[in-house]
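Residues per chain, in single letters:
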Amino acid sequence: MPYRDLREFLSVLEEEGQLLKHTDPVHPEPDLSAAARAVPNLTDRGPALLFDNIHGYRRGRVALNVVGSWPNHALMLGMDKDTPVKEQFFEFARRWDDYPVPAERRDDAPWQEHTIDEGIDLFQLLPLFRLNRYDVGTYIDKAVVVSRDPDDPDHFGKQNAGIYRIQVKDKATLGIQPLPTHDIGLHLRAAEERGENLPVAIAIGNDPVMTTVSGMPLTYEQSEYEMAGAIQGEPYRIAKAPLTGLDVPWGAEVVLEGEILAGVREIEGPFGEFTGHYSGGRRQPVIRITKVSHRTDPIFEHLYLGMPWTEMDYTLALNTSVPLYQQLKKDFPEVVAVNAMYTQGLLAVVSVKQRYGGFAKAVGMRAMTTPHGLGYCKVMIMVDETVDPFNLAQVMWAMSVKFHPQHDIVTVPNASVLPLDPSSDPAGITHKVVFDATTPIAPETRGHYSQTVDAPADTKKWEDLLKGLIK
Amino acid sequence: MGRPPQRTDQMSDLPTTCARCDSTGTIRVLTTSPVPGAWTMYACSTCTYSWRSTEAAYVSDPATYPAAFKVDPAAIAEMPVVPTVPPRRA
């Protein structure tokens, strides 16, 4: 730690046996996305993939599934690759509290090596390919998009670095989805109110911490770069993009610069989404790219998404769980851990020590009114503090023996949810539910829970002993 | 995976009909492969659909393209605008 760029992380993955280099020839479609789909189908400990023999490209390279497993996620945090998810969660939460760590400005970024101002053709530079069968075309969906608040352009924290889906519509024309709730959506709104285009810089191929942080639900004035410094434990390196002056990751493979065109909306999508369903076509903003900076033989880092689990579920797992945990813990210190990694927290599991009967149900409903919960937290499962919410075998045990269908369901009618949830009707509205699988306590005295089977004495000692022997 | 590339260049055969929106005469060459002759990419100017000549027929054949994913060119102007365009400040 820290990783200065994607290449450094790939080297560590290779040393740790978590990178698979595929040198046989492959077609852009369907081989690349099929391979990225296949890894999480097989295992949650799978490798990143690096392809360097892509039909039609001389030196094209594509990296996929870079953080697409728990070992790779642990290595992203600089931890042992066998670190259990729950320990990764608590370490992530601890580092989050170190925010902010000031960024390190540099003027020697490797992507300054080559510049293209004329005749830009992104298809020549990068092996762009279709991800899912009925996507409208090729996409860039793991790049860091940087923009500033046109009303306050010098505010570093209001500068946003986020990941948005980007359709490659032409050689130097992109479509983007900046939702009104996104920070870039606020920037675009201000720019359009002013009658101006919105300058953007798009950094492709980054170190894994930046990718992770760019998917975090930070507040409007929080800087992703200062959070990346907190998560990696050292100041994060940034450099000024030459055309727009926007701050971009120092280690990026490629930096695209241009503008979102004010007032322009054009058909975009469908695109296979993280819900396992396509989002329909809509008219969305358009970006014109006018300058490209890149390293020699850049690596195109891309992300497959579709029916969970895919790489996206790993990259967003703790991003979603940690803020929810911290927000709940502020009001209810009895909350032990939050696992909100199912379809970005549409379903979440919370372990909590109950104060009194009915308490866990209240915590479950509170989760629905957190900033993230307003769009997610459709199904909440509450478990005791002794149940590890990241251990689904334990969660299912709690559901099977603690949950009582007559007493333990709370339904909240007509609540808000993200419109991409295909069950919402109308889109954006759904009932929500709390399943309380905690042990009833007074004044709820039902059930027969006085004779729990606890672990034999010294079980923990044997766990540690055997862990060493198995390794 | 691992099979040698076999599909041929179709650059000379500009498709006439967009598989997605069934428009005719709206297809252009988007780009061609850096290694000449390997593939051509096409794009429809009406619905922005794009595809590569080496892809399977399920992306390029208007006759078998699924109805659920077809787009009526007349409906494009009626699609939801996301995000909406705000009024200019006075």
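Residues numbered from 1 in each chain as written. Chains lettered and ligands numbered in written order. Predicted model: local features only at pLDDT ≥ 70, side-chain atom pairs only at ≥ 80, totals over all residues. Heavy atoms only, no water.

- The name that an unreviewed UniProt entry assigns to chain A is Phenolic acid decarboxylase, with the source organism given as Amycolatopsis acidiphila.
- Quoted verbatim from the Sequence similarities (unreviewed entry) field of UniProt, the annotation for chain A is "Belongs to the UbiD family." (UniProt positions renumbered as here; feature names shortened; annotations may be inferred.)

## What about the overall build of chain A?
Okay, so step 1: In terms of helices and strands, chain A carries 12 helices and 25 strands.
Okay, so step 2: Its C-alpha atoms give chain A a radius of gyration of 23 Å, within 12% of the compact-globule value 23 Å for 471 residues.
Okay, so step 3: When each of the 471 residues of chain A is scored for burial, the buried share is 60%.
Okay, so step 4: Entry remark: accessible area of chain A is about 18,100 Å², with carbon and sulfur atoms responsible for 54%.
Okay, so step 5: Here chain A carries 46 positive and 64 negative side-chain charges, and the mean point of each set is 2 Å from the other. (Helix = DSSP H or I, 4+ residues; strand = E, 2+ residues; numbered from the N terminus. Rg over C-alpha atoms; globule rule 2.2 N^0.38 Å. Buried < 20%, exposed > 50% of the residue type's maximum accessible area, 1.4 Å probe, protein only. Areas by Shrake-Rupley, 256 points an atom, 1.4 Å probe, with all protein chains shown as cover. Lys, Arg positive; Asp, Glu negative; His and termini not counted. Charge placed at Lys NZ, Arg CZ, Asp CG, Glu CD.)

## Overview of the UniProt feature "domain: 3-octaprenyl-4-hydroxybenzoate carboxy-lyase-like N-terminal" (unreviewed entry) in chain A
Okay, so step 1: According to UniProt, the feature "domain: 3-octaprenyl-4-hydroxybenzoate carboxy-lyase-like N-terminal" (unreviewed entry) maps to residues 11-88 of chain A in the numbering used here.
Okay, so step 2: Note that residues 11-88 of chain A is 40% helix and 15% strand, and that its end C-alpha atoms are spaced 21 Å apart.

## Some thoughts on the nonpolar core
Okay, so step 1: Counting 80 residues, the largest nonpolar core has Val335(A), Val350(A), Val363(A) and Met380(A) as its most contacted members.
Okay, so step 2: Of the residues that make up this core, three or more belong to each of domain 1 (6-302) and domain 2 (332-436) of chain A.
Okay, so step 3: Apart from the residues lying within four places of it in its own chain, the contact partners of Val335(A) are Tyr325(A), Leu328(A), Lys329(A), Val350(A), Ser351(A), Val352(A) and Val363(A).
Okay, so step 4: Ranked by size, the runner-up nonpolar core spans 77 residues in total, among them Phe123(A), Leu125(A), Ala172(A) and Ala19(B). (Core = buried A, V, L, I, M, F, W, Y, C linked by side-chain atoms within 4.5 Å. Domains from an automatic or database assignment. Contact = heavy atoms within 4.5 Å.)

## Structural notes on the pairing of strand E1 (residues 19-22) of chain A
Okay, so step 1: Inspection of the sheet shows E1(A) paired to strand E2 (residues 48-51) of chain A by four bridges, in the parallel sense. Bridging across to E2(A), Leu19(A) finds its partner in Ala48(A). (Pairing = 2+ DSSP bridges.)

## Remarks on a nonpolar patch on the surface
Residue and element names in this part refer to chain A.
Okay, so step 1: On the surface, Trp462, Leu465, Leu466, Leu469 and Ile470 cluster together into a nonpolar patch covering about 570 Å² of accessible area.
Okay, so step 2: Relative to the elements of secondary structure, Trp462 occurs in helix H12 (residues 459-470).
Okay, so step 3: Owing to a relative accessible area of 47%, Trp462 belongs among the partly exposed residues under this scheme. (Patch = residues over 30% accessible without salt bridge, like charges linked within 9 Å, V, L, I, M, F, W, Y side chains within 5 Å. Salt bridge = Lys/Arg side-chain N within 4 Å of Asp/Glu carboxyl O.)

## What to know about the pairing of E2(A)
Residues and elements named next belong to chain A.
Okay, so step 1: Residues Ala48 and Leu50 line one face of E2 and the alternating positions Leu49 and Phe51 line the opposite face, and both faces are buried.
Okay, so step 2: Crossover handedness for the path E1 to helix H2 (residues 28-42) to E2: right-handed.
Okay, so step 3: Here E2 pairs with strand E3 (residues 61-64) via three bridges, running antiparallel. When the bridges of E3 are listed, Leu50 appears paired with Ala63. (Right-handed = clockwise from strand over helix to strand, strands pointing away.)

## Remarks on the environment of Lys471(A)
Residue and element names in this part refer to chain A.
Okay, so step 1: Here Lys471 shows up in the segment after H12.
Okay, so step 2: According to the relative accessible area criterion, Lys471 is exposed, its value standing at 65%.
Okay, so step 3: Separated by 203 residues in the primary sequence, Lys471 and Glu268 place their C-alpha atoms 49 Å from one another.
Okay, so step 4: Residue contacts for Lys471: discarding those within four places in its chain leaves Asp80 and Asp82.

## Side note on the sheet that holds E1(A)
Residues and elements named next belong to chain A.
Okay, so step 1: The strand order across the open sheet formed by four strands is E1-E2-E3-E20, and the pairing between neighbours is mixed. This sheet does not close on itself; its edge strands, each paired only once, are E1 and strand E20 (299-301). Taking each pair of neighbouring strands and ignoring which way they run, the sheet shows an average axis angle of 20°. (Axes fitted to C-alpha atoms, helices over the stretch in contact; angles between N-to-C directions.)

## Observations regarding the domain arrangement of chain A
All names here are of chain A.
Okay, so step 1: Partitioning chain A into structural domains gives domain 1 (6-302) and domain 2 (332-436).
Okay, so step 2: When each unit is reduced to the centre of its C-alpha atoms, the spacing between domain 1 and domain 2 is 31 Å.
Okay, so step 3: Summing the contributions of domain 1 and of domain 2, the shared interface buries around 1,000 Å²; its carbon and sulfur component is 82%.
Okay, so step 4: Put simply, domain 1 and domain 2 have zero salt bridges between them.
Okay, so step 5: Inspection of the domain 1/domain 2 interface yields zero residue pairs in polar contact (both at pLDDT 80 or more).
Okay, so step 6: Per-element tally for the side of domain 1 that touches domain 2: the top contributor is helix H4 (residues 85-96), with four residues. (Buried area = accessible area lost by both parts, 1.4 Å probe. Polar contact = N/O pair within 3.5 Å; in protein donor to acceptor, adjacent residues only side chain to side chain.)

## A closer look at the packing of H4(A) against helix H8 (residues 224-232) of chain A
Residues and elements named next belong to chain A.
Okay, so step 1: It is the contact of H4 with H8, at a shortest axis distance of 8 Å, that shows an interaxial angle of 130°. By the angle between their axes, H4 is oblique relative to H8. Note on packing geometry: the crossing formed by H4 with H8 is right-handed. Between H4 and H8, the residues in contact are Phe92, Arg95 and Trp96 and Met227, Ala230 and Ile231, respectively.
Okay, so step 2: For the contact of H4 with H8, a count of residues per class yields five nonpolar, no polar and one charged. (Parallel < 35°, antiparallel > 145°, perpendicular 65-115°, else oblique. Left-handed = near helix turned anticlockwise from the far one by under 90°. Nonpolar A, V, L, I, M, F, W, Y, C, P; charged D, E, K, R; others polar.)

## Things to note about the packing of aromatic side chains
Okay, so step 1: Per the counting criterion, the structure on display carries 24 aromatic pairs over all chains.
Okay, so step 2: Here Trp309(A) and Tyr314(A) contribute two aromatic rings whose centre-to-centre distance is 5.0 Å and whose plane-to-plane angle is 75°, an arrangement assigned as edge-to-face.
Okay, so step 3: Judged by relative accessible area, which is 2%, Tyr314(A) ranks as buried.
Okay, so step 4: Ring-pair connections join several aromatic residues into one group, and the members of that group are Tyr134(A), Tyr278(A), Tyr42(B), Tyr49(B), Trp51(B), Tyr65(B) and Phe69(B).
Okay, so step 5: One cation-aromatic arrangement involves Arg133(A) over Tyr58(B); the distance from NZ or CZ to the ring centre is 4.2 Å.
Okay, so step 6: Its guanidinium or amino end placed over the ring of Trp250(A), Arg237(A) lies 4.6 Å from that ring's centre, counting from NZ or CZ. (Phe/Tyr/Trp six-rings, centres within 6.5 Å; stacked < 30°, edge-to-face > 60°. Lys NZ or Arg CZ within 6 Å of the ring centre and 35° of its normal.)

## Some details on the interface of chain A and chain B
Okay, so step 1: Taken residue by residue, the interface counts 54 residues in chain A and 46 residues in chain B.
Okay, so step 2: The largest contributions to the chain A side of the interface with chain B come from Tyr134(A), Ile267(A) and Arg283(A), which together make up 17% of the buried area.
Okay, so step 3: On the surface where chain A and chain B come into contact, there are five salt bridges.
Okay, so step 4: Here Arg89(B) ties to Asp151(A) by a salt bridge, and the two come within 2.8 Å at their closest N and O atoms.
Okay, so step 5: Here chain A is connected to chain B by 22 residue pairs in polar contact (both at pLDDT 80 or more).

## Structural notes on the sheet that holds strand E4 (residues 104-105) of chain A
Okay, so step 1: On the basis of which strands lie adjacent, the open sheet formed by three strands has the order E4-E12-E13 (chain A) and mixed pairing. Two strands in the sheet have a free side with no partner beyond their single neighbour: E4 and strand E13 (247-249) of chain A.

## Section: the UniProt feature "domain: 3-octaprenyl-4-hydroxybenzoate carboxy-lyase-like C-terminal" (unreviewed entry) in chain A
Okay, so step 1: Residues annotated by UniProt as "domain: 3-octaprenyl-4-hydroxybenzoate carboxy-lyase-like C-terminal" (unreviewed entry) correspond here to residues 315-437 of chain A.
Okay, so step 2: Strand forms 30% of residues 315-437 of chain A and helix 30%; the C-alpha atoms that close the span are 28 Å apart.

## A closer look at the environment of Val350(A)
All names here are of chain A.
Okay, so step 1: Inspection of the secondary structure assignment puts Val350 in strand E22 (residues 347-352).
Okay, so step 2: By relative accessible area, Val350 is classed as buried at 0%.
Okay, so step 3: Between the C-alpha atom of Val350 and that of Ala252, which follows or precedes it by 98 residues, the distance is 37 Å.
Okay, so step 4: Apart from residues no more than four positions distant in its own chain, Val350 is found in contact with Leu328, Val335, Ala337, Val338, Val363, Met380, Ile381, Met382 and Val383.

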